[in-house]
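If you want the building blocks of each chain, they are given just below.
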Amino acid sequence: GENVEQHPSTLSVQEGDSAVIKCTYSDSASNYFPWYKQELGKGPQLIIDIRSNVGEKKDQRIAVTLNKTAKHFSLHITETQPEDSAVYFCAANLGTDSWGKLQFGAGTQVVVTP
Amino acid sequence: EAEVAQSPRYKITEKSQAVAFWCDPISGHATLYWYRQILGQGPELLVQFQDESVVDDSQLPKDRFSAERLKGVDSTLKIQPAELGDSAMYLCASRGQGQHGYTFGSGTRLTVV
């Protein structure tokens, strides 16, 4: 089955700096890689995703890169703001699963200090 | 913006008691998931429905957990009897036809005492 590993587990950055979270996956058939942001007491919210046919996708201050050969993908947040403080989860679909099941990483606690 | 509704938001129950959670997915979403999230960890799939049918319950502890989606719309997850180790956030998510991303609800925080 799919195994998704996420690093680091915690990340503290100064406001305005960049944050990078990295994930690796094991299933070479995986082709969909979303990122979720979870604020305290709330459910995860999809913030960006990438399909395997592209190497990079950007949406304002957030971007995701994918290296299929190395089986890793990363989330980049630029010009961080206090409201970016949250837990971020990466995920990958199970390539052989036709029902869209996702395997999640363990999460990264991001703290942005003013 | 369409949301996945879950209730209750919080539930405290004594061990050995029964507890139930309810989820109403986004209208028209055929695929519904129940995930369990232990504090400090990522969500783990418990059960997945396609319309009213279970398509994956391989990680559901069937001796005490059950899930149903009788009319293919809303869904109920039940635990009986609850154990201390069941304390977690129970998340429901739904996905539309042809889409890849899930929409999660706000979850039910269960505490078993």
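Sequence order as written defines residue numbering, which begins from 1 separately in each chain. Here the convention is simple: chains get letters from A, ligands get numbers from 1, in the order in which they are written. Per-residue local features are limited, in this predicted model, to residues with pLDDT of at least 70; the limit for side-chain atom pairs, both in listing and counting, is 80 or more; totals at the level of whole chains, interfaces and linings are taken over all residues. To obtain the side-chain values, all non-hydrogen atoms of the structure were included, while hydrogens and water were left out.

Draft legend 1. Structural detail: the overall build of chain B. The secondary structure content of chain B amounts to zero helices and 11 strands. The helix and strand sequence of chain B, counted from the amino end, reads β-β-β-β-β-β-β-β-β-β-β. Note on method: radius of gyration uses C-alpha positions; expected globular size equals 2.2 Å times residues raised to 0.38. Here the C-alpha atoms of chain B give a radius of gyration of 13 Å, agreeing with the 13 Å that 2.2 N^0.38 yields for 113 residues. With the C-alpha coordinates of chain B rotated into their principal frame, the extents come out at 40 × 25 × 20 Å. With a 1.4 Å probe rolled over the protein chains alone, any residue whose accessible area is under 20% of its type maximum counts as buried; one over 50% counts as exposed, and the rest are partly exposed. Buried positions account for 47% of the 113 residues belonging to chain B. Counting contacts in chain B only where the partners sit at least 6 residues apart, residues at least 24 apart contribute 52% of the total. Secondary structure elements follow DSSP: runs of H or I of four or more residues count as helices, runs of E of two or more count as strands, with numbering from the N terminus. Contacts are assigned to residue pairs that have any heavy atoms within 4.5 Å of one another.

Draft legend 2. The arrangement of the state of the cysteines in detail. All names here are of chain A. The term disulfide is used for any two cysteine sulfur atoms that are within 2.5 Å. This model, assessed by the stated rule, comprises two disulfides over all chains. Sulfur-sulfur distance for the disulfide between Cys23 and Cys90 comes to 1.9 Å. Handedness of the Cys23-Cys90 disulfide follows from its S-S torsion of about -100°: it is left-handed. Of the two residues, Cys23 is situated in strand E3 (residues 19–25) and Cys90 in strand E9 (residues 86–93); the sequence distance between them amounts to 67 residues.

Draft legend 3. Region of interest: the side chain of Ser74 of chain A. Residues and elements named next belong to chain A. For Ser74, the location among the structural elements is in strand E8 (residues 72–77). Overall, Ser74 belongs to the buried group, its relative accessible area being 7%. Ignoring any residue separated from it by four or fewer positions in sequence, one finds Ser74 in contact with Val20, Ile21, Lys22, Trp35, Ala63, Val64 and Thr65.

Draft legend 4. Structural context of the sheet that holds strand E8 (residues 75–79) of chain B. All names here are of chain B. Read across the open sheet, the four strands follow the order E1-E3-E8-E7; overall the sheet is antiparallel. Two strands in the sheet have a free side with no partner beyond their single neighbour: strand E1 (5–7) and strand E7 (65–68). Mean inter-strand twist for the sheet, computed between neighbouring axes without regard to direction, equals 15°. Relative to E8, strand E3 (residues 19–24) runs antiparallel, the two being bridged by five bridges. From the neighbouring strand, Trp22 faces E8, where its bridge partner is Thr76. By definition, two strands form a pair when at least two bridges between them are found by DSSP. Angles here are taken between N-to-C directions and fall from 0 to 180 degrees, while the axes themselves are lines fitted to C-alpha atoms, restricted in helices to the stretch in contact.

Draft legend 5. Highlighting the interface of chain B and chain A. On the side of chain A, 17 residues touch chain B, which itself brings 23 residues to the contact. Roughly 1600 Å² of surface becomes buried between chain B and chain A when both sides are summed, with 55% attributable to carbon and sulfur atoms. Values labelled buried area give the accessible surface lost by two parts on being combined, using a 1.4 Å probe and summing over both. On the chain B side of the interface with chain A, the three residues burying the most area are His100, Tyr102 and Phe104 of chain B, jointly 32% of the side's total. For this analysis, a salt bridge means a side-chain nitrogen from Lys or Arg found within 4 Å of a carboxyl oxygen belonging to Asp or Glu. Residue Asp56 of chain B is joined to Lys101 of chain A by a salt bridge in which the shortest nitrogen-to-oxygen separation is 2.1 Å. Of all the elements in the fold, those that place two or more residues in the side of chain B that touches chain A are strand E4 (31–37), strand E5 (44–50), strand E6 (53–56) and strand E9 (88–95) of chain B. At four residues, the largest contribution of residues to the side of chain B that touches chain A is made by E4 of chain B.

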